[in-house]
Amino acid sequence: MNTITSPVLAEGSLPDPVAQLNTVRRLVEERYSGDEPLARAALHLIDCATDIVGQLPDGDLDAARGALGSARAAVVSATFAVGRIRDMAATGTERA
């Protein structure tokens, strides 16, 4: 299993979430081929999360709830996509 690690942040520091997501995206791009269906799905989810997090105003509970709903929908979609890709790979019908 491939894992991605990043430097540990200093205790008490609050990193910018968008910067963290951009770092994760860069690490995924460096570690995995963009031709792999799971890597493409991961990059798409990271992009969606970055867009949502970047639009969240600090302390806006309603916006946070809306983002949470979007995140839940993304997880359901991603779970289906991963299962579908796994099934296609198992049967040899994987398409780019």
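The coordinates are above.
All values derive from a computational prediction rather than experimental measurement.

Trainee: Whenever I open this one, the overall build of the protein chain confuses me. Can you help?
Mentor: The secondary structure content of the protein chain amounts to three helices and zero strands. Taken from N to C terminus, the helices and strands of the protein chain fall in the order α-α-α. Here the protein chain holds 96 residues, and the buried ones make up 14% of them. Sequence separation of at least 24 residues holds for 50% of the intrachain contacts in the protein chain that already meet a minimum separation of 6. A total accessible area of about 7300 Å² is found for the protein chain, and carbon and sulfur atoms account for 58% of it.

Trainee: What's the story with the packing of helix α1 (residues 17–31) against helix α2 (residues 37–55) in this structure? I'm lost.
Mentor: In a packed pair of helices, the relevant descriptors are the angle between the two axes and the axis-to-axis distance. Running from amino to carboxyl end, α1 crosses α2 at an angle of 170°, the nearest separation of the two axes being 9 Å. Considering their axes alone, α1 and α2 lie roughly antiparallel with respect to each other. Where α1 abuts α2, its residues Pro 17, Val 18, Leu 21, Asn 22, Val 24, Arg 25, Val 28 and Glu 29 lie against Leu 43, Ile 46, Asp 47, Ala 49, Thr 50, Val 53 and Gly 54. When grouped by side-chain class, the residues that make up the contact of α1 with α2 number nine nonpolar, three polar and three charged.

Trainee: Would you take a moment to explain the pattern of salt bridges for this structure?
Mentor: Opposite charge on two side chains allows them to pair when their charged atoms are near. In total, this model carries five salt bridges according to the counting rule given. Measuring nitrogen to oxygen at the nearest pair gives 3.9 Å for the salt bridge that ties Asp 62 to Arg 65. Here the residue Asp 62 and the residue Arg 65 both occupy positions in helix α3 (residues 61–91), the gap between them amounting to three residues, near one helical turn. Here the two residues Asp 62 and Arg 65 agree in accessibility, since each one is exposed. Where salt bridges share partners, they join Arg 25, Glu 29 and Asp 47 into one cluster.

Scoring rules and cut-offs
- Residues numbered from 1 in each chain as written.
- Predicted model: local features only at pLDDT ≥ 70, side-chain atom pairs only at ≥ 80, totals over all residues.
- Heavy atoms only, no water.
- Helix = DSSP H or I, 4+ residues; strand = E, 2+ residues; numbered from the N terminus.
- Buried < 20%, exposed > 50% of the residue type's maximum accessible area, 1.4 Å probe, protein only.
- Contact = heavy atoms within 4.5 Å.
- Areas by Shrake-Rupley, 256 points an atom, 1.4 Å probe, with all protein chains shown as cover.
- Axes fitted to C-alpha atoms, helices over the stretch in contact; angles between N-to-C directions.
- Parallel < 35°, antiparallel > 145°, perpendicular 65-115°, else oblique.
- Nonpolar A, V, L, I, M, F, W, Y, C, P; charged D, E, K, R; others polar.
- Salt bridge = Lys/Arg side-chain N within 4 Å of Asp/Glu carboxyl O.

Function cannot be read off these values alone, since they describe shape.
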